[in-house]
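Chain and residue survey
Given next are the chains, with one letter for each unit.
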Amino acid sequence: MTTDEHYQAELIRHLLAIDSPKAMDAALASLLTPAEYQEISKRLQIFKLLREGLPHRKIAETLGVGIATVSRGSRALTTLPSSSPSSRTD
């Protein structure tokens, strides 16, 4: 495992240990700049809107992002495991 992979695994363990929305918000706010936090939130919305079937252009307009950002989100969405929280049915 590379150093970066070790750091990422540690980050994942840290985030998984958080037990409430308020604590998660505090953790993310302390780890990320306000712009990074906003960007991650928009990326999640891109995934959500793509799953709902909205056209790329409408998503870009709605979220105030570029078409390239939505397209990148679309490509990333195809690589997500089907067990991601947004796609679970259980």
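See the structure shown above.
All of these numbers come straight from a predicted model, not from anything done at the bench.

Remarks on helix H3 (residues 34-51)
For H3, with 18 residues, the first-to-last C-alpha span of 26 Å sits near the 26 Å given by 1.5 Å per residue. Among the residues making up H3, those that are buried are Ile46, Phe47, Leu49 and Leu50. Elements in contact with the buried residues of H3: helix H4 (56-63) and helix H5 (67-77). Downstream of H3 by one or two residues, glycine 53 has phi in the positive range, about 90°.

Topic: the packing of helix H1 (residues 3-16) against helix H2 (residues 21-31)
Where H1 contacts H2, the two axes come as close as 10 Å, and the packing angle between them is 150°. By the criterion of interaxial angle, the relationship of H1 to H2 is roughly antiparallel. Counting all contacts with H1, which are made through Leu11, His14 and Leu15, the residues of H2 involved are Met24, Ala27, Leu28 and Leu31. Tallied by class, the residues present in the contact of H1 with H2 amount to 6 nonpolar, 1 polar and no charged.

Analysis parameters
Residues numbered from 1 in each chain as written. Predicted model: local features only at pLDDT ≥ 70, side-chain atom pairs only at ≥ 80, totals over all residues. Heavy atoms only, no water. Helix = DSSP H or I, 4+ residues; strand = E, 2+ residues; numbered from the N terminus. Expected span 1.5 Å × (residues − 1). Buried < 20%, exposed > 50% of the residue type's maximum accessible area, 1.4 Å probe, protein only. Contact = heavy atoms within 4.5 Å. Axes fitted to C-alpha atoms, helices over the stretch in contact; angles between N-to-C directions. Parallel < 35°, antiparallel > 145°, perpendicular 65-115°, else oblique. Nonpolar A, V, L, I, M, F, W, Y, C, P; charged D, E, K, R; others polar.

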